[in-house]
Structure formats: structure tokens, C-alpha cells
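Here are the chains, one letter per residue:
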Amino acid sequence: MKIKSMVLIALFAALTAIGGFIKIPIPYVPFTLQIVSVYLAGCLLGPKLGMLSQLVYVLIGLAGAPVFAEGGGPSYIFKPTFGYLLGFVLGAYVNGWLIKRFQLVKTFSIFLANFACLLVVYLLGCLWLYGAMKFIFDKSLTIAQTLLFGFVIPIPGDIFLCILCSIIAAQILPRTNFLIHKQGVAS
Amino acid sequence: MIDNIIIGKYVPGSTVIHRMDPRAKLLTIFLYVFIVFFANNGITYFLLGLFTFIIILLTKLPFSFLWNGLKPVIWIVGFTFLLHILVTKEGDMLFRFGFFSIYEEGLRQGFFISLRFIFLIFMTTTLTLTTTPIEITDGMESLLKPFKKFKLPVHELALMMSISLRFIPTLLEETEKILKAQMARGVDFTSGPVKERIKAIVPLLVPLFISAFKRAEELATAMEARGYRGSEGRTKIRQLKWGAIDSIMMASILLLSIILLLLRA
């Protein structure tokens, strides 16, 4: 792995943590910018590096740095919401893969890739929610309950950010020398 | 707009637990997570609780710190406790009020499952309270070394984690700077219609991400200039030392696992 790639991964992991600290003050549903870095990591770094950056983020959180929504530490694995964090890792990969494979540059097509990433995040989130309730707490939720708590309630804010990130990615992509569309970056 | 973050949950100290090798702590936690699920009757839960309690006493931390670790998840514990009480209808009936009835088995199960979860949270919180994230990273790198044979980039992952931890405060400062600079130019983050507020994030994020790319380039050049070439032949400023206390801890958790296996119903 190139040194520059490693440093970029580390900085994007730090940016994901910072996204979680920035709150957008909207009445009733204040939301954080955490998922922004997931979209952008996939968009700007490509599949492999994007995925690694999210992996590093999850690892420093598990190692005890208070970078998750409610602190950090290995106890986070037992939380029913840990699946979303795993979703970040896979979601960034899916996002980057789509953008690289189809050479997406237009805002709308980037939006579609981001949306696919969002669905992956929520898929893993719901699976983990279901599994955690079943195996750690010995009580299984129904599929409908899992979807309600894990998907319908939290998704609207993230869709907003999804649109926003497509705009941002379309702006940043041409301004960096690291275009993932060029060869040799993600090695 | 930016939350006050707790700068690390680590509480400095020099107790036995603080001084333990992070590798031993990680291994203990790893085993503990498995054996918690062995316990399924009164005596095994008692032994598990006793072990956890002794560890907590050894850290000499005030209980409020542990309570803070439990707070974010306490509602889940309460929720599952209620679910168990209301849904399980086995054993003797203890209480009845109209449709509402509590059975012995439900109460027992709810209590034990909640206890299991609280033990897990206490143990893992103790780890993060007595060990810095950097120590844990070092410990993980050392423990995962054998996996290098399977092409797992252990050293690289550990290095990226250290860089990331180091740069979180720096980039946070940068974010605040950009925020103020854009506010000075008239961007309004806190009032106006929702659509405008969301749009206002664009002039914050674009410079933030572009500056991250620039910083990465500078840092990579600096590392290359100083001859960084991976883990081969690299010396460390923080050395891990495995002492007697670490062996004692490993022995006691192994002993506990065997006893729990023998006593479980």
C-alpha cells in the first residue's frame, strides 16, 4: 500500500468521526453529518480505500476513542445499532465500486450510487438489530418491527444528506488530483 | 453546532489494572465475552458477578464512571426485562391484575438476561477507562501479528489508526476555523428554512475535504522524507511488557471459564 493511500484512509476515518460531532440544528430531528463521510469516502477514495477508511473508523471507536454517536469502546458491539457501523464499511465499498465501474461524474448518477450505499448501510443495520435482539436479549422482533425501528424512522435525514453529498461529490471530484477515475490511485 | 466531546474516556491512574499489558486485557475481555453466555443458573451468575466486581474494585474507579458507560444502553435493558416478564408464561404465577400477569420463569429470565448484559457493559467499560486507545491499538497490532501470514495488513491498520487518532483534534480545529470563516462571509447555519440550512453545509464540507487531501499529501511526503518503509526493522517508542500480573489474570479467567462450564445447568 502506498504511504499516501494510508494517510488518506486515516484522515477520512478522522473526518467520519468529526462528521458525527457536527449537528445540524433542525427542529425536532437534529441530525449529524456522520454518514456524509461514508458517501464521500466511497466517492472520492474509491472502493478499496473507502472501505478501509470506514474500517479504521470503526476500529478506533472499538478501541475506546469516543467517536461513535454514544461514546465508544468494545461494548458497542452489543448495541443493537452496531450494524449501521458495519454498514458504513460495506456501503463505502459498494458506493466506490459503482462510481469507479461506471465512471460516474454527474450529480444525479452519483446520487444513485449514494442511495445504493445508503440501502446497504440500512440492510446491515436491520440485520444486526434483528440478530442482537434475538441472540443477546433472547427476544426476537418481527420483521415489521425491525423495519419500523431500523429503517422507516431513521432514514429521512439520511436521504437528505444523500442528495447533498451527490452535489458535494460532484463539486469536489474535479478539484482533487486524486480522481478515482484515474488509474493508480487505489493501489 | 459542534458538540462538546469528551476527550477520551480514559481515566489516568496507576492501579494494577492500569498497569496491565493491553494484550492481556484484550485477551481477558475476548474470553469474558464468550463465557458470559455460559452462565445459566444462580451460582454461575454469582461467580461471574464476583469476578466482575473484583476487577472493578481493583481499578479504584468511582462507580459513576461505570454508570456513565451503562447509561446509553439502560433503556434497552429495561425494555428487554419488561418484554421477558410480559411474554414468558411458564412456572408459577406470582402476580395477577386483569390481563396483566407475571410468572416466575419470566421474572427469572428477564433478570438473568439483563444481568448478563450489564456485566458485559461493565467489563468492556473498565477496559476503555483504564487503557488509552493508543495502548489498545498497540495491543491489537501485537496480538494480530500471526495473521500477517494471511495477508492481513496488521501493521498498516495499526498505523492508520494511530494517525487517525492523532488527527481528529487537528481536523476538528480546522472545521471550526472553516465554520467561522464562512459565517464571517454571511453563511447562516442556524436559522432560515430547512432547505437553506442543509444547503449551507456545502461551503463547510467542500473546503474541509479538499484540505484533508492537501494535508494527506504533506503528511505522506513528510513520512517518505523520513524514510518510512513499513513495519520491517521499525523500532517502537512504546514497548509492551508482559508481567506476572498479566499471567495471573489469564490464569484466573481460564479457571473461571472451566468452573462455569462445570457448574452450568
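Please read these numbers as outputs of a predicted model, since none were measured by experiment.

A.B. asks: What exactly am I supposed to notice about the UniProt feature "transmembrane region" (unreviewed entry) in chain B here?
C.D. replies: All names here are of chain B. Mapped onto this structure's residue numbering, the UniProt feature "transmembrane region" (unreviewed entry) falls at residues 29-58, 70-89, 110-134 and 244-263. As annotated, residues 70-89 comprises 75% helix and 0% strand, and the C-alpha atoms at either end are separated by 29 Å. Taken end to end, residues 244-263 is 100% helix and 0% strand, and its two terminal C-alpha atoms sit 29 Å from one another.

A.B. asks: Would you take a moment to explain the confidence of the model for chain A for this structure?
C.D. replies: Detailed reading of predicted coordinates is not advised where the pLDDT is low. Residues and elements named next belong to chain A. Per-residue confidence for chain A averages 81 on the pLDDT scale, and 88% of its residues sit at or above 70. Mean pLDDT in chain A bottoms out at strand β2 (residues 31-32), which sits at 72, and peaks at helix α3 (residues 47-62), which reaches 92. Here residues 179-187 scores under 50 on pLDDT; set against residues more than four positions off or in separate chains, the count is 25 contacts.

A.B. asks: Mind showing me how you'd approach empty space enclosed by the protein here?
C.D. replies: Empty space among the atoms becomes visible once a probe the size of a water molecule is rolled across them. A complete count under the given rule lists two cavities of 30 Å³ or more for this structure. Each pocket or cavity is described by its volume, and for the largest cavity that value is around 110 Å³. Lining of the largest cavity is provided by Ile17, Met20, Lys25, Thr28, Ile29, Ile55, Met123, Thr126, Leu127, Thr130 and Met249 of chain B. Listing elements by their share of the lining of the largest cavity, those giving two or more residues are α2 (22-35) and α6 (104-130) of chain B. No other element matches α6 of chain B, which puts four residues into the lining of the largest cavity. Class assignment of the residues belonging to the lining of the largest cavity gives a composition of seven nonpolar, three polar and one charged. Taken as a whole, the second largest cavity spans an internal volume of roughly 50 Å³. Going through the elements one at a time, α1 (3-21) and α2 (34-45) of chain A together with α10 (202-225) of chain B are the ones with two or more residues in the lining of the second largest cavity. Counted by class, the lining of the second largest cavity contains eight nonpolar, two polar and no charged residues.

A.B. asks: Even after reading the chapter, I still don't get the packing of aromatic side chains, so can you show me in this structure?
C.D. replies: Remark: the centre distance and the inter-plane angle together describe each pair of aromatic rings, the angle taken between the planes. A complete count under the given rule lists 16 aromatic pairs over all chains for this structure. An angle of 25° between the planes, with centres 6.3 Å apart, marks the rings of tyrosine 32 of chain B and phenylalanine 51 of chain B as stacked. Here the residue tyrosine 32 of chain B occupies a position in helix α2, and phenylalanine 51 of chain B occupies one in helix α3 (residues 42-59), the gap between them amounting to 19 residues. For the pair tyrosine 32 of chain B and phenylalanine 51 of chain B, a shared accessibility class is recorded, and that class is buried. With 5.7 Å between their ring centres and 85° between their planes, phenylalanine 63 of chain B and phenylalanine 122 of chain B make a pair best called edge-to-face. Placement of phenylalanine 63 of chain B in helix α4 (residues 63-70) and of phenylalanine 122 of chain B in helix α6 is noted, with a sequence separation of 59 residues between them. Using a relative accessible area of 51% as the deciding quantity, one classes phenylalanine 63 of chain B as exposed. Ring pairs connect the aromatic residues Phe12 of chain A together with Phe209 and Phe213 of chain B, which therefore count as one cluster. It is lysine 79 of chain A that lies over the ring of tyrosine 76 of chain A; its NZ or CZ is 5.0 Å from the centre. Between arginine 166 of chain B and the ring centre of phenylalanine 167 of chain B, over which it is positioned, the NZ or CZ distance is 5.0 Å.

A.B. asks: Honestly, the nonpolar core in this entry has me stumped. Any pointers?
C.D. replies: Most often, soluble globular proteins have nonpolar side chains that are buried together. One finds Leu44 and Tyr57 of chain A together with Tyr32, Leu48 and Phe209 of chain B to be the most contacted residues of the largest nonpolar core, which totals 139 residues. For this core, the leading source of residues is α1 of chain A, giving 14 residues. Viewed by domain, this core spans two of them, domain 1 (9-131 + 241-263) and domain 2 (147-225) of chain B, each represented by three or more residues. Among all residues touching tyrosine 57 of chain A, those that are not within four sequence positions of it are Ala13, Thr16, Ala17, Gln34, Val67, Phe68, Leu85 and Phe88 of chain A.

A.B. asks: Just checking my understanding: could you explain the domain arrangement of chain B for this structure?
C.D. replies: A common measure of how large an interface is: the accessible area buried when the components associate. What the domain assignment lists for chain B is domain 1 (9-131 + 241-263) and domain 2 (147-225). Here domain 1 of chain B and domain 2 of chain B have C-alpha centroids that lie 37 Å from each other.

A.B. asks: Can you walk me through α3 of chain A in this structure?
C.D. replies: For an α-helix the count is 3.6 residues per turn, leaving residues at separations of three or four pointing the same way. Residue and element names in this part refer to chain A. Taking 1.5 Å of rise per residue, 16 residues should cover 22 Å, and α3 covers 23 Å from first to last C-alpha, within 8% of that figure. With 13 of 16 residues buried, α3 is to be regarded as a mostly interior element. Just downstream of α3 lies glycine 64, where phi reads positive at about 115°.

A.B. asks: Can you help me understand unusual backbone geometry in this one?
C.D. replies: Phi is mostly negative for residues that are not glycine, and the peptide bonds are mostly trans. All names here are of chain B. Non-glycine residue lysine 60 carries a positive phi angle of around 55°. With respect to the helices, strands and loops of the structure, lysine 60 is situated in the loop between α3 and α4. Positioned with a positive phi, lysine 151 is a non-glycine residue whose angle comes to about 65°. Within the fold, lysine 151 resides in the loop between α7 (133-144) and α8 (154-184). Look at lysine 151 and you get exposed, because its relative accessible area is 76%.

A.B. asks: What exactly am I supposed to notice about the confidence of the model for chain B here?
C.D. replies: Model confidence for chain B is summarised by a mean pLDDT of 85, while 96% of its residues fall at 70 or above. Here the prediction assigns the complex a pTM of 0.83, and the interface score ipTM is 0.85.

A.B. asks: Any chance you could explain the layout of surface pockets here in plain terms?
C.D. replies: Of the voids in this model, the second largest pocket is the one considered here, and its volume is about 770 Å³. Counting only elements with at least two residues in the lining of the second largest pocket, the list comes to α3 of chain A together with α2, α6, α7 and α8 of chain B. Considering every element that reaches the lining of the second largest pocket, the biggest residue donor is α7 of chain B, with six residues. Here the residues of the lining of the second largest pocket are counted per class, giving 22 nonpolar, two polar and one charged. Each of domain 1 (9-131 + 241-263) and domain 2 (147-225) of chain B contributes no fewer than three residues to the lining of the second largest pocket.

What counts as what
Residues numbered from 1 in each chain as written. Chains lettered and ligands numbered in written order. Predicted model: local features only at pLDDT ≥ 70, side-chain atom pairs only at ≥ 80, totals over all residues. Heavy atoms only, no water. UniProt positions renumbered as here; feature names shortened; annotations may be inferred. Helix = DSSP H or I, 4+ residues; strand = E, 2+ residues; numbered from the N terminus. pLDDT = per-residue confidence, 0-100. Contact = heavy atoms within 4.5 Å. 1 Å grid on protein atoms, 1.4 Å probe; cavity = no way out; pocket = protein on both sides within 12 Å on 5 of 7 lines; lining within 4 Å. Points joined across faces, edges and corners; volume = space filled by probe spheres on them. Nonpolar A, V, L, I, M, F, W, Y, C, P; charged D, E, K, R; others polar. Phe/Tyr/Trp six-rings, centres within 6.5 Å; stacked < 30°, edge-to-face > 60°. Buried < 20%, exposed > 50% of the residue type's maximum accessible area, 1.4 Å probe, protein only. Lys NZ or Arg CZ within 6 Å of the ring centre and 35° of its normal. Core = buried A, V, L, I, M, F, W, Y, C linked by side-chain atoms within 4.5 Å. Domains from an automatic or database assignment. Expected span 1.5 Å × (residues − 1).

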